[in-house]
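Listed below, chain by chain, are the residues.
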Number of protein chains: 2
Amino acid sequence: MPKIVDHAQQKIKVAEAAWRVIRRSGIENASVRNVAQEAGISPGSMRHYFSTQAELFSFSMNLVSERVNQRILKLSFERPVPEVARDLLREMVPLNEESRSEMEVWLAFTSKSMSEPSLRDHADRVYEEMRQAMARILQAMVEYEFASDNLNVEEEAVRMQTYVDGIALHGLLYPDRMPPSRMEKMLDDYLASLCKKEN
Amino acid sequence: MPKIVDHAQQKIKVAEAAWRVIRRSGIENASVRNVAQEAGISPGSMRHYFSTQAELFSFSMNLVSERVNQRILKLSFERPVPEVARDLLREMVPLNEESRSEMEVWLAFTSKSMSEPSLRDHADRVYEEMRQAMARILQAMVEYEFASDNLNVEEEAVRMQTYVDGIALHGLLYPDRMPPSRMEKMLDDYLASLCKKEN
DNA sequence: ATTTTTTTAATACAATTGTGTTAATATAAT
DNA sequence: ATTATATTAACACAATTGTATTAAAAAAAT
């Protein structure tokens with residue numbers, strides 16, 4: 001009957017507008033009206049897709065992690081494990097404008113999640129998923145004998161995540177001293193250090 | 001003549017109230033009125049110490065880094081370099097409630113600084129100071145032959161800072177998997193890796 | 001005790017916020 | 001063309017925001 005618009009697509013359009021507002025002016029300026037204007041629709045209209053601001057934030061935060069997830073799942077796993085590991089880690093630091101944008105927004109949401117339990121749940125879930133992905137690739141490195149079987153996989157996964165997130169944070173905040181080339185080198189060096197037996 | 005109150009002390013009292021509000025409810029709720037109430041004074045009264053909210057934020061952010069600085073300067077430097085290095089790094093991660101509180105607030109300000117140039121300047125300055133402190137301790141480790149003189153001090157300082165900030169971030173956000181004991185171990189392991197010659 | 005000056009309290013104001021409500025519009029099926 | 005309905009625009013409302021102003025209160029010097 002009426003004007004059929006892709007509901008899901010429209011929500012994504014609005015969420016991406018929210019990202020742009022957050023990047024440009026901070027999450028404290030991501031008001032309903034500002035996001036609607038950025039999305040090119042009326043504020044009242046936006047309420048049709050997100051009846052509350054909390055919903056919009058939750059959806060926008062979810063969409064960030066989903067995008068990263070999709071890129072990771074799109075990686076080819078039919079390759080030597082070290083190559084897969086390298087590409088996996090590279091998806092978790094801001095190497096290009098797209099991932100940089102996502103991670104700036106992610107940092108804003110993560111920071112807000114410290115005092116917002118609803119966002120906190122999602123942040124924790126994503127943290128766990130990432131850690132598990134890292135544990136799996138480490139396990140594979142051990143099984144294919146690229147890494148020593150002395151390696152404590154679970155413990156190393158936490159260390160890896162800490163290391164990678166440190167690189168990502170500095171890549172975001174201090175890109176002059178931590179440009180993409182430096183991030184890649186630090187990731188490569190780290191993976192190389194894992195490949196030496198008996199570390 | 002009139003009621004003499006320690007102006008500087010009062011500003012600190014207000015800034016610390018701002019910290020508590022930021023920790024409890026996020027920086028977006030650190031309004032003039034909320035902070036004044038937390039400090040136990042009237043909103044109009046607070047304007048005598050901070051005529052604008054931007055001033056309050058700037059002062060509060062400065063106070064955080066000053067506290068960390070003061071603790072670092074209070075360290076005894078008349079000791080074996082590796083001990084000094086260990087204690088220096090331990091001041092840069094949330095090992096106790098005091099530093100945890102400071103760093104939670106610091107993360108909030110740092111995150112806000114991404115879209116607030118005024119705060120950004122201070123964040124960058126502190127980043128440089130910390131990196132230089134790390135470079136100095138690394139230089140000392142080389143000079144006293146605890147570390148190989150092959151070590152590129154400036155490059156390693158960036159790596160060290162990235163590593164330490166990663167630990168601090170995970171200590172803040174995921175204290176279950178990154179408790180103080182784990183942070184200490186990761187710092188110790190890192191320093192030990194520097195002490196092996198020819199790395 | 002009086003005076004001087006800092007500090008506080010109380011209000012005011014326009015702007016912006018999140019959230020509702022309601023009337024108008026546009027679109028696709030009949 | 002008519003109709004049914006999804007979509008939009010416009011406005012309303014109370015709450016909160018930063019900032020400003022003004023009168024009351026408090027305290028220390030004389």
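Residues numbered from 1 in each chain as written. Chains lettered and ligands numbered in written order. Predicted model: local features only at pLDDT ≥ 70, side-chain atom pairs only at ≥ 80, totals over all residues. Heavy atoms only, no water.

Per an unreviewed UniProt entry, the recorded name for chain A is TetR family transcriptional regulator, and the organism is Saccharibacillus alkalitolerans.

**Q** Any chance you could explain the overall build of chain A here in plain terms?
**A** Counting secondary structure elements, chain A contains nine helices and zero strands. Each helix (α) and strand (β) of chain A, taken in turn from the N terminus, gives the series α-α-α-α-α-α-α-α-α. The principal-axis extent of the C-alpha atoms belonging to chain A is close to 65 × 40 × 30 Å. Within chain A, the proportion of its 199 residues that are buried is 51%. About 9,800 Å² of surface is accessible on chain A, with carbon and sulfur atoms providing 50% of the total. Computed over 26 positive and 31 negative side-chain charges, the separation of the two mean positions in chain A equals 7 Å. (Helix = DSSP H or I, 4+ residues; strand = E, 2+ residues; numbered from the N terminus. Buried < 20%, exposed > 50% of the residue type's maximum accessible area, 1.4 Å probe, protein only. Areas by Shrake-Rupley, 256 points an atom, 1.4 Å probe, with all protein chains shown as cover. Lys, Arg positive; Asp, Glu negative; His and termini not counted. Charge placed at Lys NZ, Arg CZ, Asp CG, Glu CD.)

**Q** Would you mind showing me how to read the relation of the copies chain A and chain B here?
**A** Related by rotation about an axis and a shift along that axis, the two copies of the chain form a pair. The operation relating chain A to chain B is a screw motion whose rotation component is 180°, with 0.0 Å of axial translation and a residual RMSD of 0.0 Å. Considering both components of the superposition, the chain copies are consistent with a two-fold axis. The position closest to the rotation axis in chain A is occupied by the C-alpha of A:Gly166, lying 1.8 Å away. Most of the interface of chain A is mirrored in chain B, where 100% of its interface residues again form contacts. (Least-squares fit on C-alpha atoms with pLDDT ≥ 70 in both. Contact = heavy atoms within 4.5 Å.)

**Q** What am I meant to see in the interface of chain A and chain B here?
**A** On the chain B side, the residues contacting the 40 residues of chain A number 40 residues. Of all residues in chain A, A:Met114, A:Thr162 and A:Arg177 give up the largest surface area on contact with chain B, accounting jointly for 18% of the area buried on that side. At the junction of chain A and chain B, the tally comes to six salt bridges. A salt bridge links A:Glu128 to B:Arg177; the shortest N-O distance between them is 2.9 Å. At the level of elements, α1 (7-25), α6 (97-113), α7 (117-143), α8 (153-173) and α9 (180-195) of chain A are the ones that each hand at least two residues to the side of chain A that touches chain B. Class assignment for the residues of the side of chain A that touches chain B results in 14 nonpolar, nine polar and 17 charged. (Buried area = accessible area lost by both parts, 1.4 Å probe. Salt bridge = Lys/Arg side-chain N within 4 Å of Asp/Glu carboxyl O. Nonpolar A, V, L, I, M, F, W, Y, C, P; charged D, E, K, R; others polar.)

**Q** Got a minute to help me understand the packing of aromatic side chains in this structure?
**A** Geometry of an aromatic ring pair is reported as the spacing of the ring centres plus the angle between the planes. All told, the structure shown has nine aromatic pairs over all chains when counted by the stated rule. On the numbers, 6.0 Å between centres and 70° between planes, the contact of A:Phe57 with A:Phe109 is edge-to-face. In this pair, A:Phe57 is assigned in helix α4 (residues 53-73) and A:Phe109 in helix α6, connecting sequence segments 52 residues apart. Residues A:Phe57 and A:Phe109 agree in their burial class; the two are buried. Relative to B:Phe59, the ring of B:Phe50 has its centre 5.3 Å away and its plane inclined at 55°; by these criteria the two rings are tilted. A residue is classified by how much of its surface remains accessible, and B:Phe50, at 3% relative accessible area, is buried. The partly exposed category is assigned to B:Phe59, whose relative accessible area is 23%. Taken together through their ring pairs, the aromatic side chains of A:Tyr163, A:Tyr190, B:Tyr163 and B:Tyr190 make up a single cluster. (Phe/Tyr/Trp six-rings, centres within 6.5 Å; stacked < 30°, edge-to-face > 60°.)

**Q** What exactly am I supposed to notice about the UniProt feature "domain: HTH tetR-type" (unreviewed entry) in chain A here?
**A** UniProt annotation of "domain: HTH tetR-type" (unreviewed entry) refers to residues 8-68 of chain A when read in the numbering used here. Its end C-alpha atoms 18 Å apart, residues 8-68 of chain A is made of 75% helix and 0% strand. (UniProt positions renumbered as here; feature names shortened; annotations may be inferred.)

**Q** Would you explain the nonpolar core in this entry?
**A** Proteins that are soluble and globular tend to have nonpolar side chains buried together. Judged by nonpolar contacts, the single largest core of 142 residues is most densely connected at A:Val35, A:Met160, B:Val35 and B:Met160. When neighbours within four sequence positions are excluded, A:Val35 is seen to be in contact with A:Val14, A:Ala17, A:Ala18, A:Val21, A:Ala30, A:Met46 and A:Leu56. (Core = buried A, V, L, I, M, F, W, Y, C linked by side-chain atoms within 4.5 Å.)

**Q** How should the environment of A:Gly26 be read in this particular structure?
**A** Locating A:Gly26 in the fold gives a position in the loop between α1 and α2 (32-39). Residue contacts for A:Gly26: discarding those within four places in its chain leaves A:Val21 and B:Ser115.

**Q** Is there a simple way to think about the side chain of A:Gln10 in this case?
**A** All names here are of chain A. Relative to the helices and strands, Gln10 is located in helix α1. With relative accessibility at 17%, the residue Gln10 sits in the buried group. There is a polar contact of 3.5 Å between the side chain of Gln10 and the side chain of Tyr49. Every residue in contact with Gln10, bar those within four places of it in the chain, is listed here: Ile41 and Tyr49. (Polar contact = N/O pair within 3.5 Å; in protein donor to acceptor, adjacent residues only side chain to side chain.)

**Q** Any chance you could explain the layout of surface pockets here in plain terms?
**A** A probe as big as a water molecule, rolled over the atoms, marks out the empty space that is left. In this structure, the second largest pocket encloses a volume near 400 Å³. Forming the walls of the second largest pocket are 25 residues, and the residues nearest its centre are A:Ala108, A:Ser111, B:Ala108, B:Ser111 and B:Lys112. Secondary structure elements with two or more residues in the lining of the second largest pocket: α1 and α6 of chain A together with α1 (7-25) and α6 (97-113) of chain B. Take the lining of the second largest pocket: its biggest share by element is six residues, from α6(B). (1 Å grid on protein atoms, 1.4 Å probe; cavity = no way out; pocket = protein on both sides within 12 Å on 5 of 7 lines; lining within 4 Å. Points joined across faces, edges and corners; volume = space filled by probe spheres on them.)

**Q** How should the packing of α1(A) against α6(A) be read in this particular structure?
**A** Between two packed helices, both the angle of their axes relative to each other and the distance between the axes serve to describe the pair. Residues and elements named next belong to chain A. Two elements in contact, α1 and α6, have axes separated by 10 Å at closest approach and are oriented at 75°. By the angle between their axes, α1 is roughly perpendicular relative to α6. On α6, the residues that touch Trp19, Ile22 and Arg23 of α1 are Glu97, Arg100, Ser101, Glu104, Val105, Ala108 and Phe109. Partitioning the contact of α1 with α6 into residue classes produces five nonpolar, one polar and four charged. (Axes fitted to C-alpha atoms, helices over the stretch in contact; angles between N-to-C directions. Parallel < 35°, antiparallel > 145°, perpendicular 65-115°, else oblique.)

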